[in-house]
Amino acid sequence: MLREDVPLETHDGRILSDRESVADEIKAWSSGFGKRAESQDVVAVRLRLQDVADTPEGRATFERAIAAGFAGHRHAWLLEATPDGAQEARLVVAMAGAGKERFRVRDRRPEEEGRAPRERRFDGVSDARIRERITEATGLAPSAIRLALGSTSHGRDGVTWQLNRLIEMQMEGAVG
């Protein structure tokens, strides 16, 4: 269930504050989604910046990091305080960006099947590009940037599902 008071912020700084604005954003993201193509994929991303506190200055640092790291890619995000006094950004990011840039996700498989769950990560080129942009925008070392990937989705249904999950996470945080 979508609450009307849970805003999301988009890649271009717009606030999606109600069902209608989220529906309009989904429509914009999904225009032309027809056949399976990587350009229609989205991924859930968690971004942590080491030693960036839950303060107005910290939020500004996160905003610069998100804008730079995912420049040219449609994205929506929310920022949450963590129990340890830091912040974490949760994003939904389109894999296809401006020009021919594509973020790619790889699964790291455990050496012994069944011992550890597989781990999703950006491929080396995508990871390096995101970290480099964030470093330029914030002055943080690449090692201070933590990127954790969640599920990937495809097309209009995928965008809808991912954005709704983002809103639900925000609602759980506001209630809990």
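Residues numbered from 1 in each chain as written. Predicted model: local features only at pLDDT ≥ 70, side-chain atom pairs only at ≥ 80, totals over all residues. Heavy atoms only, no water.

Undergrad: Now, about the overall build of the protein: what can you tell me, with residues and values included?
TA: Helices and strands together make up the secondary structure of the protein, namely 4 helices and 8 strands. When the elements of the protein are put in sequence order from the N terminus, they spell out β-β-α-β-α-β-β-β-β-α-β-α. Counting every position in the protein, which comprises 176 residues, the buried fraction comes to 42%. Of all intrachain contacts in the protein linking residues separated by at least 6 positions in sequence, the fraction that spans at least 24 positions is 62%. Carbon and sulfur atoms form 47% of the exposed surface of the protein, whose accessible area is close to 9,700 Å². (Helix = DSSP H or I, 4+ residues; strand = E, 2+ residues; numbered from the N terminus. Buried < 20%, exposed > 50% of the residue type's maximum accessible area, 1.4 Å probe, protein only. Contact = heavy atoms within 4.5 Å. Areas by Shrake-Rupley, 256 points an atom, 1.4 Å probe, with all protein chains shown as cover.)

Undergrad: Quick rundown of the pattern of salt bridges? Include the residues and the values.
TA: Tallied over the entire structure, the rule returns 14 salt bridges. Glu9 is paired through a salt bridge with Arg59; the nearest N and O atoms lie 3.9 Å apart. Of the two residues, Glu9 sits in strand 1 (residues 8-10) while Arg59 sits in helix 2 (residues 56-69), which places them 50 residues apart along the sequence. Look at Glu9 and you get buried, because its relative accessible area is 17%. By relative accessible area, Arg59 is classed as partly exposed at 33%. In this structure, the salt-bridge partner of Asp84 is Arg48, at a minimum N-O distance of 3.4 Å. Taken as a pair, Asp84 in the loop between strand 4 (73-81) and strand 5 (86-97) and Arg48 in strand 3 (residues 41-53) lie far apart in primary sequence, 36 residues in all. Note on Asp84: relative accessible area 57%, which makes it exposed. (Salt bridge = Lys/Arg side-chain N within 4 Å of Asp/Glu carboxyl O.)

Undergrad: Can you break down the side chain of Glu88 residue by residue, with the values?
TA: Tracing the chain through its elements places Glu88 in strand 5. At 3.3 Å, the side chain of Glu88 forms a polar contact with the side chain of Arg46. With residues near it in sequence (within four places) discarded, Glu88 still touches Arg46, Leu47, Arg48, Phe62, Leu78, Leu79, Glu80 and Thr82. (Polar contact = N/O pair within 3.5 Å; in protein donor to acceptor, adjacent residues only side chain to side chain.)

Everything listed is a geometric property; what it means functionally is a separate question.
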